[in-house]
Amino acid sequence: MLTGTMEEQARNSGPILAHNTGTSPAPTKTLQCSALQYLHLSRNNIRLSGAVALLEAVASNNSGLRALDLSGNPVFNDKNVGDTDVQALLTLLPQCRRLIFLSLNSTGMADEIGAGILLSLGHHPQLSWIDIGQNQLSGQTIAALTNTMEVNTNLKRIALHCNQINDPDIKCLIASPAVMDMDGVWL
């Protein structure tokens, strides 16, 4: 069971070897991150291509990364978000095998991408906490979430606050038996 903040979770799982709270350039494929457990890159200027490059480095280096916070970055804000980069992101996220926390809060995510992310993480072996609040998510994402919760029994916390979720979406979510096994759903 998860308790406390993301930082407390990372501390409880081992030493924090990297913690960035300031601005930094977009990550590159040369990032050496085999010992990296916690990476806080919120509120920088990381776009989709930077997020993909970061995930490529994490996936290719057999990373020990357990918590990744990309909140507040314009990851999905570009009008011409390319299908190739989105598909790369969807392919790479499940390859980050040790990840337990992922925050894509306030990244400009729309329903199609949100649903794709949740479905791609359906069989993730460790992910137990995802924050996708403050985006433009609604019914399509809720449908994907209910499907994901049924197959990923590790997923125990999800933050969906400040999206475009309406009454029928809530009814769909509450009707899912998997919701009863969760520690928390923030709407």
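Definitions and cut-offs
Residues numbered from 1 in each chain as written. Predicted model: local features only at pLDDT ≥ 70, side-chain atom pairs only at ≥ 80, totals over all residues. Heavy atoms only, no water. Helix = DSSP H or I, 4+ residues; strand = E, 2+ residues; numbered from the N terminus. Buried < 20%, exposed > 50% of the residue type's maximum accessible area, 1.4 Å probe, protein only. Contact = heavy atoms within 4.5 Å. Areas by Shrake-Rupley, 256 points an atom, 1.4 Å probe, with all protein chains shown as cover. 1 Å grid on protein atoms, 1.4 Å probe; cavity = no way out; pocket = protein on both sides within 12 Å on 5 of 7 lines; lining within 4 Å. Points joined across faces, edges and corners; volume = space filled by probe spheres on them. Phe/Tyr/Trp six-rings, centres within 6.5 Å; stacked < 30°, edge-to-face > 60°. Axes fitted to C-alpha atoms, helices over the stretch in contact; angles between N-to-C directions. Parallel < 35°, antiparallel > 145°, perpendicular 65-115°, else oblique. Left-handed = near helix turned anticlockwise from the far one by under 90°. Nonpolar A, V, L, I, M, F, W, Y, C, P; charged D, E, K, R; others polar. pLDDT = per-residue confidence, 0-100. Pairing = 2+ DSSP bridges. Salt bridge = Lys/Arg side-chain N within 4 Å of Asp/Glu carboxyl O.

Peer 1: For the overall build of the protein, give the residues involved together with the corresponding values.
Peer 2: For the protein, the helix and strand inventory stands at six helices and six strands. Listing the helices and strands of the protein from first to last along the sequence gives α-β-α-β-α-β-α-β-α-β-α-β. Each of the 187 residues in the protein was classed as buried or not, and the buried ones make up 52%. In the protein, the share of contacts with a sequence separation of at least 24, taken over all contacts with a separation of at least 6, comes to 83%. Here the protein has roughly 8800 Å² of accessible surface; of this, 50% comes from carbon and sulfur atoms.

Peer 1: Tell me about empty space enclosed by the protein, and name the residues and values.
Peer 2: If you walk through the whole model with that rule in mind, you get one cavity of 30 Å³ or more. Space inside the largest cavity adds up to approximately 40 Å³. In terms of lining, the largest cavity is formed by Ala-51, Leu-55, Leu-68, Leu-70, Leu-89, Leu-93, Leu-102 and Leu-104.

Peer 1: Run through the packing of aromatic side chains, naming residues and quoting values.
Peer 2: Tallied over the entire structure, the rule returns one aromatic pair. Ring centres of Phe-101 and Trp-129 lie 4.8 Å apart, and the angle between their planes is 80°; on these two criteria the pair is classed as edge-to-face. Of the two residues, Phe-101 is situated in strand 3 (residues 101-103) and Trp-129 in strand 4 (residues 129-131); the sequence distance between them amounts to 28 residues.

Peer 1: A description of the packing of helix 2 (residues 48-60) against helix 3 (residues 83-92) should follow, citing residues and the corresponding values.
Peer 2: With their axes 9 Å apart at the nearest point, helix 2 and helix 3 run at an angle of 30° to one another. Taken as axis vectors, helix 2 and helix 3 run roughly parallel relative to one another. Helix 2 and helix 3 meet at a crossing whose hand is left-handed. For the pair formed by helix 2 and helix 3, the contact residues are Leu-48, Ser-49, Ala-51, Val-52, Leu-55, Glu-56 and Ala-59 on the first element and Asp-85, Val-86, Ala-88, Leu-89 and Leu-92 on the second. Across the contact of helix 2 with helix 3, the residue classes break down as nine nonpolar, one polar and two charged.

Peer 1: Requested: an account of the confidence of the model for the protein, with residues and values cited.
Peer 2: Here the protein shows a mean pLDDT of 82. Residues at 70 or above account for 81%. Contacts of residues 9-30 to residues separated by more than four positions or lying in other chains number 39 contacts, the stretch itself having pLDDT below 50.

Peer 1: Can you break down the sheet that holds strand 4 residue by residue, with the values?
Peer 2: The sheet built from six strands is open, its strands ordered 1-2-3-4-5-6 with parallel pairing. Sheet topology places strand 1 (38-40) and strand 6 (184-186) at the edges, where each strand pairs with a single neighbour. Strand-to-strand twist in this sheet, taken as the mean axis angle between neighbours without regard to direction, amounts to 5°.

Peer 1: So what's going on with helix 3? Which residues, and what values?
Peer 2: Because each turn of an α-helix spans 3.6 residues, side chains separated by three or four positions in sequence point in the same direction. Of the residues making up helix 3, those classed as buried are Val-86, Leu-89, Leu-90 and Leu-92. Tucked inside the fold, the buried residues of helix 3 contact helix 2 and helix 4 (111-120).

Peer 1: Give me the pattern of salt bridges: which residues, what numbers.
Peer 2: Enumeration according to the criterion identifies one salt bridge in this entry. Arg-47 serves as the salt-bridge partner of Asp-78, at 3.2 Å between the closest nitrogen and oxygen. Here Asp-78 is found in the loop between strand 2 (67-69) and helix 3, whereas its partner Arg-47 is found in the loop between strand 1 and helix 2, with 31 residues between them in sequence.

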